[in-house]
Amino acid sequence: MSDLPVSKERLLSIYQTLAQYPILASRVRQEMRNELFLRGIVNPRLFENDVRELAIASQHREGLVNPYEEEWHIWETRLANVRDYLTDRIFSEHFPYEQFERILDQVLNERGAQAQEMLLSLNPELVPVDLVLEQAMTIERMPPQERVQYEPRLQEAKVVLIRTLISDQLRYINIAKEYFTVSDLAEILRRKIGGGRIGGKAAGMLLALRIIQKEAQGLLDACIAPTESYYIASDEFYTYMEINNLVHWNDQKYKSEAQMRQEYPEIVRDFENGEFPRDIVERFREILEIVGKKPLIVRSSSLLEDNFGTAFAGKYESIFLPNQGTPQQNLTELQKAIARVFASTLNPNALLYRRHHGLQDYDERMAVLLQVVQGEQFKHYYLPHAAGVAFSRNLFRWTPQIRREDGFVRLVWGLGTRAVDRVGNDYPRLVALSHPTLRPSTNPKAIRRYSQQFVDVIDLQDNRFKTLPVHEVLNTRYPPLRYLAQIDEDGYFVSLRSSVVDGNSSKLVLTFEELLRRTPFAEQMRNILQTLERCYHTPVDVEFTLHLNNLQSGQPSICINILQCRPQSHLLDTEQEPLPTDLRQDDIIFATHFVVPQGYVRRVDYVVFVSPEAYFSLPTLNDRYELARAIGHLNAALSDKLFICVGPGRWGSSNTDLGVPIDYGDIYNAKALVELAGKGIGPEPEPSLGTHFFQDLLEAQIYPLAVYLDDAATVFNYKFFYRTPNYIREFIELDEKIAECLRLIRVSDYRPESYLRIVMNDEMGQATAFLVDEVEGEEEATKTRRTLLRAAPETSREIFS
């Protein structure tokens, strides 16, 4: 704001102030014009001529060739808007802001009582949002004793504002109305561009910030800082489609998966070639002037995103903008990025996600959250000291002593993209907040191998987002180095005791050990998560950045920026199911001890198996993607079957050398996803806890499991997977070379009249898939029904009927 010309600052202040007094704004502007006329600054007749000429020019910009074709009431509204703008602009250029305040006070004193009485009588459900806001602010400014009788009206006004500006989801409104003040809502309106709501991602971020500010006073020593944000509201999505002739794409959600995938590249091109209305472009230009050369991120914030039960994690686009070009280049890149986020509403994976969750018919509009990237410059790179994603419940514990209720964190150096994406060849630091320094492995070689190898940064010099090797960016002059890295001294990790260390950065390993030992990060993050979970009435996850202050003190303070908050995805069927103690060896299909969840899959009739040897023998990248698409077709064909998927490496990896490159849309009907690892088969198992892909699995109630074949305690029945008949061609057609990789096993072919059951016990750290005879299973089911009927007869009959 301070970088703007003085007159422009005044103009913005006058506009924002009058927006809070819509009933009196007309009278105030009339007095402002009178002041201009009396002092001879403007001639009344010439002023009205200018108003008319500017109004006609605005018609031409909208493509109205003959201005007289416009209906009279639209023309009158246009004239009034231009007159108001011209009044504000000329007044701000010739008078100090104090003169405007004197006029405002004069009008308020003359008509205050009358205006207030009229304002309080308005029905918030029927009047424009600016009037609702003024009504709420009038009540909030009242003396306490006078305000009591209007508290119900204030609550109603706040609910209407939340529903109109932010979200119409009732579970959200019930929480938000207790925390948002009218001033908060006024600030959202000031930063909102266009009509409609600001969407789920923005809604969750703002609510989390307000909850922490209100509830955690005195409990948090951490600096909880807001991120500078602007909101492109959801109605602009349809406006953009309308003016660029893109409405014909709006029926994508009802098309077949194959057609969705085939047409999506064309959709992206069409959206990128569109144009925004001129008034919206001017708002973008104003924001870029205010922000200056700070990097930006353009984030999706659809109406359904980050909602209760529907996270849409990673389904829509988020785009970093280095923002280092000329003003026009930066503006062009911003518009292109917003258009790409709009286009991602029609991303096949998002549409299939909606279809699977029963949300296909919802009018899903895309709002956009525009934020300044949190971080600082080091060399010619821009990045935060740390970033990550934190969960209030730890659903996958690598040792029983870890407390679920204390949560866990995926922590990285640099931009947080590497914490939420499953990036194949890299690893975040996993932090159990109940035992922050407890690692999944204490072996020095494993610690180094599973440390972060790459960092995401914004290259200010090249004006690009980049992924670079850690040692290309990190060196001994990095101010917070001692809290992020240790030195590998022949298998021992030594903490840095000063900023003067050997210049060989190749010995530096990102462990975050001193951050966890010497700062209150873990405790503060645990408090934040527990506070949010208590107020949300459900577990949550948050994305954040971290900045360390007072680095020279030896006990630095921390500053946390909350970038996102949503209800945490979780598995529903997590009752304790005892592992059978009388299993024969040939009953077991596989057994594993690697990071086991809690729960069970009662019945599996089919197993989709990708042969590791055949997969890694596929000669081209296209062949591997063709295999992934074949799995997607099989997933659709097996929609009424009970099946699991078993295959090499990391399912959903972006690197095909590390695993099958499937998307959520390829496996959402499966009951479990089993990753095989071992020498010559795939990379060692790495927990995907907390990634967007992991959250997809939990929402779809798909259990993720890893089987490390080199572990002596692992059981894997090769005969079942390799020597049973392959039913793949009974369900889908596929190329011969793909058919050699992909097998569909019917469990009853291995043992007649049997099916597979998977029991997972995280206390024991064991998951076992074993065969169950149909007769035995039916007897067990009958016994369960009888038990339930005795316990709750009416409810149970309703369930089993």
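See the structure shown above.
Residues numbered from 1 in each chain as written. Predicted model: local features only at pLDDT ≥ 70, side-chain atom pairs only at ≥ 80, totals over all residues. Heavy atoms only, no water.

Trainee: So what's going on with the overall build of the chain? Which residues, and what values?
Mentor: Each helix and strand counted, the chain has 31 helices and 28 strands in total. Looking at the 801 residues of the chain, the share that counts as buried comes to 55%. A total of about 35300 Å² of accessible surface is found on the chain, and carbon and sulfur atoms cover 48% of it. (Helix = DSSP H or I, 4+ residues; strand = E, 2+ residues; numbered from the N terminus. Buried < 20%, exposed > 50% of the residue type's maximum accessible area, 1.4 Å probe, protein only. Areas by Shrake-Rupley, 256 points an atom, 1.4 Å probe, with all protein chains shown as cover.)

Trainee: Tell me about the nonpolar core, and please be specific about residues and values.
Mentor: One finds Ile-166, Trp-413, Phe-521 and Met-525 to be the most contacted residues of the largest nonpolar core, which totals 83 residues. Broken down by element, the residue count for this core peaks at nine residues, all from helix H11 (residues 200-215). Apart from the residues lying within four places of it in its own chain, the contact partners of Phe-521 are Val-409, Leu-411, Leu-515, Leu-516, Phe-544, Leu-546 and Ile-558. By size, the runner-up hydrophobic cluster in this structure holds 80 residues, among which are Met-241, Tyr-316, Val-341 and Leu-618. (Core = buried A, V, L, I, M, F, W, Y, C linked by side-chain atoms within 4.5 Å. Contact = heavy atoms within 4.5 Å.)

Trainee: Give me the lowdown on unusual backbone geometry, citing residues and values where you can.
Mentor: Positioned with a positive phi, Phe-512 is a non-glycine residue whose angle comes to about 60°. Along the chain, the position of Phe-512 falls in the loop between strand E16 (508-510) and helix H21 (513-518). Not every positive phi belongs to a glycine, and Asn-550 is a case in point at roughly 55°. Summarising the element assignment, Asn-550 is placed in the loop between strand E17 (540-549) and strand E18 (557-567). Judged by its relative accessible area of 53%, Asn-550 falls in the exposed class.

Trainee: Residues and numbers for the packing of aromatic side chains, please.
Mentor: For the structure on display, the rule yields 25 aromatic pairs. Considering the side-chain rings of Phe-320 and Phe-465, the 5.2 Å spacing of their centres and the 10° angle between planes classify their relative orientation as stacked. Remark: Phe-465 occurs in strand E13 (residues 464-469) and Phe-320 occurs in strand E5 (residues 318-321); sequence separation between them is 145 residues. Residue classification places Phe-320 among the buried residues on the basis of a relative accessible area of 18%. We classify Phe-465 as partly exposed; its relative accessible area is 32%. Aromatic pair Tyr-606 and Phe-731: ring centres 5.9 Å apart, planes at 80°, arrangement edge-to-face. Residue Tyr-606 is located in strand E21 (residues 606-610), and its partner Phe-731 is located in the loop between helix H27 (718-722) and helix H28 (736-739); the two are separated by 125 residues in the primary sequence. Using a relative accessible area of 11% as the deciding quantity, one classes Tyr-606 as buried. (Phe/Tyr/Trp six-rings, centres within 6.5 Å; stacked < 30°, edge-to-face > 60°.)

Trainee: Go over the sheet that holds E16, please, and point to the residues and values.
Mentor: Strands sit in the order E15-E14-E16 across an open sheet of three strands; the sheet is antiparallel. A strand with exactly one partner marks an edge of an open sheet, and here the two such strands are strand E15 (492-495) and E16. Neighbour to neighbour, the strand axes of the sheet diverge by 45° on average, direction disregarded. Inspection of the sheet shows strand E14 (residues 485-489) paired to E15 by four bridges, in the antiparallel sense. Along E15, the bridge assignment pairs Gln-486 with Ser-495. (Pairing = 2+ DSSP bridges. Axes fitted to C-alpha atoms, helices over the stretch in contact; angles between N-to-C directions.)

Trainee: Any details on helix H22 (residues 521-536)? Residues and values, ideally.
Mentor: If you check H22, its first and last C-alpha atoms are 22 Å apart, about what 16 residues at 1.5 Å a residue would give, namely 22 Å. Of all 16 residues in H22, 13 are buried; the element is thus mostly enclosed. Directly beyond the C-terminal end of H22, a positive phi value near 60° is found at His-537. (Expected span 1.5 Å × (residues − 1).)

Trainee: Any chance you could break down helix H6 (residues 129-140) for me, citing the residues and the numbers?
Mentor: Under the 1.5 Å per step criterion, the end-to-end length of H6 is 16 Å for twelve residues, consistent within 8% with the ideal 16 Å. The buried fraction of H6 is high, at nine of twelve residues.

Trainee: Before we move on, could you go through the packing of helix H8 (residues 151-165) against helix H10 (residues 182-191) and cite the residues and values that matter?
Mentor: The axes of two packed helices give the description: the angle between them and the distance between them. Following both chains from N to C, one finds H8 and H10 inclined at 25°, their axes separated by 11 Å at the closest point. Here H8 is positioned roughly parallel relative to H10, judged by the angle of their axes. Judged by the sense of rotation from one axis to the other, the crossing of H8 with H10 is left-handed. Here H8 contributes Leu-154, Lys-158, Leu-161, Ile-162 and Leu-165 to the contact with H10, which in turn contributes Val-182, Leu-185 and Leu-189. By residue class, the composition of the contact of H8 with H10 is seven nonpolar, no polar and one charged. (Parallel < 35°, antiparallel > 145°, perpendicular 65-115°, else oblique. Left-handed = near helix turned anticlockwise from the far one by under 90°. Nonpolar A, V, L, I, M, F, W, Y, C, P; charged D, E, K, R; others polar.)

Trainee: Hey, could you go over the pairing of strand E22 (residues 643-648) for me, with residue numbers and the actual values?
Mentor: Burial analysis of E22 places six of its six residues in the buried class, which makes it a mostly covered element. Of the strand pairs in this sheet, E21 and E22 are connected by four bridges, and their pairing is parallel. Note that in E22 the partner of Tyr-606 across the bridge is Phe-643. Two strands pair when backbone bridges link them, and E22 and strand E23 (residues 672-677) are joined in this way by four bridges, in the parallel orientation. The residue of E23 that forms the bridge with Val-646 is Val-674.

Trainee: Got a sec to walk through the pattern of salt bridges? Specific residues and values, please.
Mentor: In total, this model carries 52 salt bridges according to the counting rule given. Between Asp-456 and Arg-418 there is a salt bridge, and its shortest N-O distance comes to 3.2 Å. Separated by 38 residues along the polypeptide, Asp-456 in strand E12 (residues 454-459) and Arg-418 in helix H17 (residues 417-420) bring together distant segments of the chain. Classification of Asp-456 as buried rests on a relative accessible area of 3%. With a closest N to O distance of 3.2 Å, Arg-429 and Glu-513 form a salt bridge. Within this pair, whereas Arg-429 is found in strand E11 (residues 429-432), its partner Glu-513 is found in helix H21, the two being separated by 84 residues in sequence. For the pair Arg-429 and Glu-513, one class covers both residues: buried. One network of salt bridges, with partners in common, ties together Glu-257, Arg-261, Arg-629, Asp-663 and Asp-666. (Salt bridge = Lys/Arg side-chain N within 4 Å of Asp/Glu carboxyl O.)

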